[in-house]
Every structure is written in C-alpha cells, then in structure tokens.
Amino acid sequence: MTTEPRTFPPRPLSAVKAVYARQAGCPSSFALAVADFEPGEEGVEFETADTSTVPGWSAAEVSELHEAFGSGVREELEELATLEPGTTVAVAVVLRSIKVHEVDSHPLAFHRAGRLAVRNALAEAYGPPPRPRRERP
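Here is what the cut-offs are and how they apply
- Residues numbered from 1 in each chain as written.
- Predicted model: local features only at pLDDT ≥ 70, side-chain atom pairs only at ≥ 80, totals over all residues.
- Heavy atoms only, no water.
- Pairing = 2+ DSSP bridges.
- Helix = DSSP H or I, 4+ residues; strand = E, 2+ residues; numbered from the N terminus.
- Expected span 1.5 Å × (residues − 1).
- Contact = heavy atoms within 4.5 Å.

A. Main features of the pairing of strand S5 (residues 88-99). Relative to S5, strand S1 (residues 7-8) is paired through two bridges, and the arrangement is parallel. Looking at the pairing, Thr7 lines up with Thr88 of S5. Relative to S5, strand S3 (residues 29-39) is paired through eight bridges, and the arrangement is antiparallel. Paired with Phe37 across the strands is Val93, a residue of S5. When strand S4 (residues 43-48) meets S5, the two strands line up parallel, connected through six bridges. Bridge pairing in S5 places Glu47 opposite Val94.

B. Structural view of helix H2 (residues 107-126). Between the first and last C-alpha of H2 there are 29 Å, a value that for 20 residues agrees with the 28 Å anticipated at 1.5 Å per step. In this structure, the buried residues of H2 make contact with S1, strand S2 (13-22), S3, helix H1 (59-79) and S5. Backbone geometry just downstream of H2 places Gly127 in the positive-phi region, at approximately 90 degrees.

That is the geometry; function is a separate question.
Given below as structure tokens:
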C-alpha cells in the first residue's frame, strides 16, 4: 500500500484568524491577524496585502508588526512536530489584516500570533491535533 506524499497546505485556507491576547496584568500583549494559507512553491513565501495597515501607526511600526508575524509563521513551520515525516511545506502566506491595541500591541505579540496562525491553519486543514491520553491513577 502506497500513500500519497502530504503537503501543507493541502488546499487554500482563507481567512485563518489568530488572536494572541495576554492581559492579566502589566505588561500585556495583544495581536489579531487574519491570513490566507495558499499552496505554493516548496518552502514558505510571506507577503502582506495592501489592506494590512493601521490608522494612527507609522508605516515603519506596522512593517515591524508584519515582519514579526511572518517570522512567527516561519518558525512554527520549521519546528512543527505535528506534521508527519515526509510532509512538504509549500505555502504562500498572505497577511490580510491586523488589529492592534494602542498600548498592548508589539512585535513579540505578532510573532506569537504568527505561530498561532499556523496551528489554526493546520487544525483547519487536518483537524485538531490528537490530545495526549492521561493515565488514571
């Protein structure tokens, strides 16, 4: 029995939402991002749609958030333990939009949102990861 090699993503995944929020005290973090994961060339391509701007934030500040999100996406795909051996990553990620909090949004929050976006895309593509079984005493 032969199995087809698996690629990520297996099909276009549109409007994958990632929210990273940690607001249990100071410092707090907030990032909301929406991205598309589309089949592409082997590896990871990342781009930002023209619509991904933030009123009141400079282009340099927004660019830093975009870059942090892309870095998080790449790291998560490189470290991904949930993909089966032999899975090929061939994805074009398009960051469609972001939302920020005027105080609590920063590059690290968007980096973590990028990692979370990959996990959400994997769950959408293949279903939720298996939960480890807890042994009962």
